Amino acid sequence: MGTFLISAVNIALPTIERNLSLTAIELSWIITSFILGTALFMLPAGTWGDRNDNRKLFKWGLILFTLSSLLCYLAPDGHWLIAGRFVQGVGAAFTGTTGQAILVASFPAEKRGQVLGISVASVYAGLALGPLIGGILTIHAGWRSLFLIAVIFGVITYLIAFRFLKSQGKKARPTSGGDHWGTILFMTGLTALVLGSSQIPSPIGWALMGSGLILLLLFLRIESLSRHPLLDIRLFTQNRLFTYSNLSALINYTATFAIVFFLSLYLQKIQGLSPRDAGAVIVAQPLMMALFSPVVGKLSDRFQPRYFATAGMAMCTSGLGMLAFLSPATSIGWIVAILIWVGVGFALFSSPNMNTIMSSVAHPQYGQASGIAASMRVFGQIISMSIITFLFSMHFGDSSVEAVSDPVFMDMMQWGFLIFAVIGLPGIYFSFNRGNMKNKES
């Protein structure tokens, strides 16, 4: 439901804008607030779950997600909707982070890749269904129906979790006052970074991003000296497998997040497709991801995951390179073929990479490892959107996308895809050179 809402709400944004009389900035915060809520609590949720009970935190996440979905459904204006979306992001952070840790702890190591592959496939299924079902619901039942469905499924999921996910009790792991400072620095720095990324290239935006980076560097310094840190720096300094796998994930999400954003504009502005038809084209990528992730995840239990992940990273990067050569005359069939190529590449990368991350740490660190891996996705989205915003300001100035000429838009998009293809290249290196995972065939 989390990923379904991400893609479905994107399709419904024009309708929400008209219905609630929102400005462009307010409309953007319907997306940004969700990302911010998720980013702020992913890493803390992982650590809190390790120190207490992942299953209890998962249930609290379900409650937050369900109640916030109800708030979004009933929202009388844009400010209430933005607030509801923020709390939705917090709930999604709790369930997404602890959910991976629960899965890894509940199955033997030889089935870990298969289980994570099924989990990843459900994520991509949500992304795939969002544009199609979201568009249909928005047209026939209104945009609020998207959040009503989230409420219904949230209640059902909580009842299942209450029945089958029994709490394991608080773990005997001491907490430390230093974690409070670490949490404050992390949340403040990340908030400044996200706020700044939404306001660049204005001086305030750059100042916020600079302040955010300084606070995050100070956070890393404090955590390296803490006895019980929010973020265990040793996971990165003493675990090459963990470090390179997370760097690969950060690079992959940074490079590929822009694909749907650019293509949704290109297909409607340049190719003249309707939002529904554009969504039907774009769905080719997440559909491949959903279909192949379970298969690849199972294979990564038998063979070294880095080979699958490296091939997938190379396919994503080459696909971005192909997208850089799109023109107004490019056929829809060729675009779908590229998206299928990238979708299969993403499936090859995602499940084996997550399998490697979770298999490279001990049981008491599953929650934190899952939180860090999930944070890499959100950080990649933030970096990607920052690059897109910068490209918009350089090519469009103060004009809207609809107002600029087609050649100017094409020039911006081609440069964007080329930049993201170059960003993907070091991801291939980190993915291949991470080393072999233990208890796997060579």
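Student: Any chance you could explain the overall build of the chain here in plain terms?
Tutor: Looking only at helices and strands, one finds 17 helices and 0 strands in the chain. Its C-alpha atoms give the chain a radius of gyration of 21 Å, near enough to 22 Å, the size a compact globule of 442 residues would have. Considering only C-alpha atoms, the chain reaches an extent of 60 × 50 × 45 Å along its principal axes. Buried residues in the chain amount to 54% of all 442 residues. Sequence-distant contacts in the chain: of pairs separated by 6 or more residues, those separated by 24 or more amount to 82%. Summed over its atoms, the accessible surface of the chain is roughly 19,000 Å², and 69% of this surface lies on carbon and sulfur atoms. Measuring between centres, the 27 positive side-chain charges of the chain sit 14 Å from its 16 negative side-chain charges.

Student: Which parts of the structure should I look at to understand the confidence of the model for the chain?
Tutor: Detail in the predicted coordinates should be disregarded across regions flagged by low pLDDT. For the chain, mean pLDDT is 83; residues scoring 70 or higher make up 94% of the total. Note on residues 174-178: pLDDT is under 50 here. Beyond four places in sequence and across chains, it has 6 contacts.

Student: Would you explain helix H14 (residues 305-323) in this entry?
Tutor: For the α-helix, the turn length of 3.6 residues means that residues three or four positions removed from each other point alike. Over its 19 residues, H14 runs 27 Å from end to end, which matches the ideal 27 Å to within 8%, given 1.5 Å per residue. By the criterion of burial, H14 is predominantly enclosed, with 14 of the 19 residues buried.

Student: Would you take a moment to explain the nonpolar core for this structure?
Tutor: Generally speaking, soluble globular proteins have nonpolar side chains that are buried together. Judged by nonpolar contacts, the single largest core of 105 residues is most densely connected at Phe262 and Tyr266. Among the elements that line this core, the one with the most residues is helix H16 (residues 366-396), at 12 residues. If we skip the residues at most four places from it in the chain, Phe262 touches Ile388, Leu391, Phe392, Phe409, Met412, Met413, Gly416, Phe417 and Phe420.

Student: Help me out: how do you make sense of the side chain of Lys59 in this one?
Tutor: With respect to the element layout, Lys59 can be found in helix H3 (residues 54-74). Comment: no salt bridge for buried Lys59; closest opposite-charge side chain is Asp53, at 6.9 Å.

Definitions and limits used
- Residues numbered from 1 in each chain as written.
- Predicted model: local features only at pLDDT ≥ 70, side-chain atom pairs only at ≥ 80, totals over all residues.
- Heavy atoms only, no water.
- Helix = DSSP H or I, 4+ residues; strand = E, 2+ residues; numbered from the N terminus.
- Rg over C-alpha atoms; globule rule 2.2 N^0.38 Å.
- Buried < 20%, exposed > 50% of the residue type's maximum accessible area, 1.4 Å probe, protein only.
- Contact = heavy atoms within 4.5 Å.
- Areas by Shrake-Rupley, 256 points an atom, 1.4 Å probe, with all protein chains shown as cover.
- Lys, Arg positive; Asp, Glu negative; His and termini not counted.
- Charge placed at Lys NZ, Arg CZ, Asp CG, Glu CD.
- pLDDT = per-residue confidence, 0-100.
- Expected span 1.5 Å × (residues − 1).
- Core = buried A, V, L, I, M, F, W, Y, C linked by side-chain atoms within 4.5 Å.
- Salt bridge = Lys/Arg side-chain N within 4 Å of Asp/Glu carboxyl O.

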